Amino acid sequence: MFVWILLFFSCGGSVNTPKNQAIPVIFDTDVGNDIDDVLALQMLFNYEKEGNVNILGITISKSNPRVVEYVDGYCRFNERGDIPLGYAYNGVNPEPYQYVPITLDTLVNGEKVLFPQRSLANNIPEGYVLQRQLLAGQPDHSVVMIVVGPQTNIRRLLESEPDEHSDLNGMELVSKKVRLLSVMGGLYNDDFDFPEWNILQDLAASKVLFDKWPTDIVASGFEVGSALLYPHQSILHDFTDDHKHPLCVSYKVYQPMPYDRQTWDLTSVLYAIEPDAGYFDLSERGKITIDKKGYSHFEAVSGGRHRYLVIPEQKKKETRKKIVNQVTGKDQSTYETVK
Ligand SMILES: [Ca+2]
């Protein structure tokens, strides 16, 4: 009987991680700019429900106060209102844009779709201070950090001094506690030629990150998420009560439906949690540098800490399917049958 139970659980999770080995994750996001952050966040919550991830905290790199309410409400929607939140005070992108305020203010049959209980008035800590606190409490070389927005909090973490949470400075603390940084940022092939958006928003921070970060980095470039579009049919048909599901409400506000959105941030989550599943290829090891205009450059260096994701043509179908299934929490999406 015991053997059968073990077999059952070992086959159940998509990454086959025993519950007591759930990957400790810190998610740094600019929810409110693009919609892909919300889908990436839902992927993480679904990984956590499967026992594969322990979301230690969420740090926000979009400096608009209503994003705190949105993220708190979204955590509560996933029954995780206890997740610590941090915020990049005086950071970039203070504009509210549309989907955060509209989703927060949406009423369906007189009921809200998000029920936040935290705002900036509730002593939300600086993002990097929360990151320091969370890292200090984890085993050495265990934490996976996923960064899918401007790198403001990460720069502040790297440049932080010892405090009440740790006697180590930021560089020392990251070096001791982090296993991997999975970051959506940059551009690493010839399909496009412009500085990538996340890099440009806080260019000084991006330069610090790629120059100083002391552990392995795997970057998902603009071209990877651009090659894997999230199907609108999934938004329309895969979610129960989609008319009041905050992900669907936000997606429909972000752009006029129907549209298929690039999966930039989702690719960084997928690689971070399932690096050995073969959904992507990896570049050789090397060094990424950011120039003064925000262009990313990769140079192969033996033993280098930086790599970037590659999505070969023959892997696109299966990788997109996995991304959709991880967002929806279902084994099969309607997009394959509903046109
Ligand atoms: Ca983002």
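Procedures and definitions
- Residues numbered from 1 in each chain as written.
- Predicted model: local features only at pLDDT ≥ 70, side-chain atom pairs only at ≥ 80, totals over all residues.
- Heavy atoms only, no water.
- Buried < 20%, exposed > 50% of the residue type's maximum accessible area, 1.4 Å probe, protein only.
- Helix = DSSP H or I, 4+ residues; strand = E, 2+ residues; numbered from the N terminus.
- Contact = heavy atoms within 4.5 Å.
- Pairing = 2+ DSSP bridges.
- Donors = N, O, S within 2.8 Å, 3.2 Å for Na, K, Ca; no water.
- Axes fitted to C-alpha atoms, helices over the stretch in contact; angles between N-to-C directions.
- Parallel < 35°, antiparallel > 145°, perpendicular 65-115°, else oblique.
- Nonpolar A, V, L, I, M, F, W, Y, C, P; charged D, E, K, R; others polar.
- Phe/Tyr/Trp six-rings, centres within 6.5 Å; stacked < 30°, edge-to-face > 60°.

Examining helix 9 (residues 203–212)
Given 3.6 residues per helical turn, the α-helix brings residues three or four places apart onto the same face.
Thought 1: Burial in helix 9 covers these residues: Leu 203, Ala 205, Ser 206, Val 208, Leu 209 and Phe 210.
Thought 2: Contacts from the buried residues of helix 9 go to helix 6 (152–158), strand 7 (178–184), helix 8 (197–201), strand 8 (217–220), strand 12 (286–290) and strand 14 (306–310).

With respect to the pairing of strand 14
Two faces, one strand: in a regular strand the side chains alternate between the faces of the sheet.
Thought 1: The buried count for strand 14 comes to four of five residues, which makes it a mostly enclosed element.
Thought 2: Here strand 8 runs beside strand 14; their pairing, made up of three bridges, is parallel. What sits directly across from Ala 219, in strand 14, is Tyr 308.

Observations regarding the coordination of the calcium ion
Thought 1: For the calcium ion, the full set of protein donor atoms is Asp 30 (OD), Asp 37 (OD), Asp 37 (OD), Val 148 (O) and Asp 265 (OD), at a range of 2.3 to 2.6 Å.
Thought 2: Sequence spacing among the residues donating to the calcium ion works out to D-x6-D-x110-V-x116-D.
Thought 3: By relative accessible area, which is 2% here, Asp 30 ends up buried.

Brief notes about the packing of helix 13 (residues 264–273) against helix 14 (residues 316–328)
Relative orientation and spacing of two packed helices are given, respectively, by the angle between their axes and the distance between those axes.
Thought 1: In the contact formed by helix 13 and helix 14, the axes pass within 11 Å of each other and the chain directions differ by 90 degrees. In terms of orientation, helix 13 and helix 14 fall into the roughly perpendicular class. Between helix 13, through Leu 266, Thr 267 and Leu 270, and helix 14, the contact on the second element is made entirely by Thr 319, Lys 322, Ile 323 and Val 327.
Thought 2: Grouping the amino acids of the contact of helix 13 with helix 14 by side-chain chemistry returns four nonpolar, two polar and one charged.

Focus: the packing of aromatic side chains
Thought 1: Across all of its chains, the model carries 13 aromatic pairs by this definition.
Thought 2: An aromatic cluster is present here, built from Phe 45, Tyr 70, Tyr 74, Phe 77, Tyr 99 and Tyr 254 joined pairwise through their rings.

As for unusual backbone geometry
Thought 1: Note the cis peptide between Met 257 and Pro 258, where omega equals -5 degrees.
Thought 2: Phi angles above zero are rare outside glycine, and Asn 90 is one such case at about 55 degrees.
Thought 3: Relative to the elements of secondary structure, Asn 90 occurs in the loop between strand 3 (85–87) and helix 4 (99–105).
Thought 4: Unlike most non-glycine residues, Asn 109 shows phi in positive territory, near 55 degrees.
Thought 5: By the secondary structure assignment, Asn 109 is in the loop between strand 4 (107–108) and strand 5 (111–112).

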